[in-house]
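# An overview of the molecular structure
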Amino acid sequence: YSADTIRMFVLQTHYRSPIEFTGESMDASRAATTRLIRAARLAREVDGAGAYTPGSGDDFLETCHAGFIEAMDNDFNTPVAVSILFAIADKAFQTTDQSLAQLYACALQHYASILGLTLFDTSCVVDSGTAAGVLDLVLKLREDARARKDYSSSDLIREHLLDLGIKVMDVKGGSATWERM
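Report on the accompanying structure. None of the values given here were measured: they were computed from a predicted structure. All residue numbers refer to positions counted from 1 along the written sequence of the respective chain. Local features in a predicted model are, by the rule used here, given only for residues with pLDDT of at least 70; side-chain atom pairs are given and counted only at 80 or more, and totals for whole chains, interfaces and linings are based on all residues. Based on all heavy atoms of the structure, the side-chain values leave hydrogens and waters out of the count.

With that settled, consider the layout of surface pockets. Of the two site types, the cavity is a set of points on a 1 Å grid over the protein atoms alone where a 1.4 Å probe fits but cannot get out, and the pocket is an open set with protein on both sides within 12 Å along at least five of seven lines, each lined by residues with an atom within 4 Å of a point. Grid points are joined across faces, edges and corners, and a volume is the space filled by probe spheres set on the points. Empty space within the largest pocket amounts to approximately 250 Å³. Taken together, 14 residues line the largest pocket, and the ones lying closest to its centre are S2, T34, I37, F120 and T122. Where helices and strands are cited, they refer to DSSP runs of H or I of at least four residues and of E of at least two residues respectively, numbered from the N terminus. Among the elements of the structure, α1 (3–11) and α2 (23–44) are those that each provide at least two residues to the lining of the largest pocket. By the convention adopted, Pro, Cys, Tyr, Trp, Phe, Met, Ile, Leu, Val and Ala count as nonpolar, Lys, Arg, Asp and Glu as charged, and the other residues, Gly among them, as polar. Of the residues assigned to the lining of the largest pocket, the class counts are 3 nonpolar, 7 polar and 4 charged.

Inter-axis angles, ranging from 0 to 180 degrees, are taken between N-to-C directions of lines fitted to C-alpha atoms, where helices are fitted over the stretch in contact. Where helix α3 (residues 59–73) meets helix α5 (residues 98–114), the axes come as close as 11 Å, and the angle between the chain directions of the two elements is 5°. As summarised for this structure, α3 and α5 are arranged roughly parallel, according to the angle between their axes. Across from F60, L61, H65 and F68 in α3, the residues of α5 making contact are L103, Y104, A107, Y111 and I114. Just so you know how the angles are binned, under 35 degrees is roughly parallel, over 145 roughly antiparallel, 65 to 115 roughly perpendicular, and the rest oblique. Note on definitions: a residue-residue contact is assigned when non-hydrogen atoms from the two residues lie within 4.5 Å.

Another aspect to go through is the packing of helix α6 (residues 128–147) against helix α7 (residues 151–163). Running from N to C, α6 and α7 cross one another at 155°; their axes reach a closest spacing of 7 Å. Considered as vectors, α6 and α7 are oriented roughly antiparallel to each other. For the pair α6 and α7, the sense of crossing is left-handed. Across the interface between the two elements, L135, V138, L139, L141, R142, A145 and R146 from α6 touch Y151, S153, S154, I157, R158 and L161 from α7. Should the near helix be turned anticlockwise from the far one by less than a right angle, the crossing is termed left-handed; should it be turned clockwise, right-handed.

Take the side chain of S154 next. Mapped onto the fold, S154 is located in helix α7. Setting aside residues up to four positions removed in sequence, S154 forms contacts with R142, A145 and R146.

If you want it as structure tokens, here you go:
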């Protein structure tokens, strides 16, 4: 589970209440965190996405700000604060006005960061094992091109990998290895 998922799990229960750790509750926290990440992504999809500062003039966000402050001042009531995050995310998804969606997404990131949530989108992050597998596949495609005597495709693959900092080394027997430069 990601750091945000674990934080979400903890934040959804008031600190004075007992917390029950189960696989199902962690999966629910992961789903909840993913929903917030998708909403926050709206801010990054618009050029010029900026930081949010309370006092934007939007009535909905002003109400959310007051509710968030009240929840935190009321014995650090994080479950209520988290519910406000979801209300903002819902508004970001519902609006058809792109600039308003961006404003809501920036506000969501602002309030989430106060609770220690990064809402970092890892959906496009590839681990090293997957990256190595993709490189091996590309080298296999290059090897197939060489076997068909399609040297222009083989050379093109090598050049593109080199541009990415991957050196391809051909070995006797037709296969190739790679290393980072």
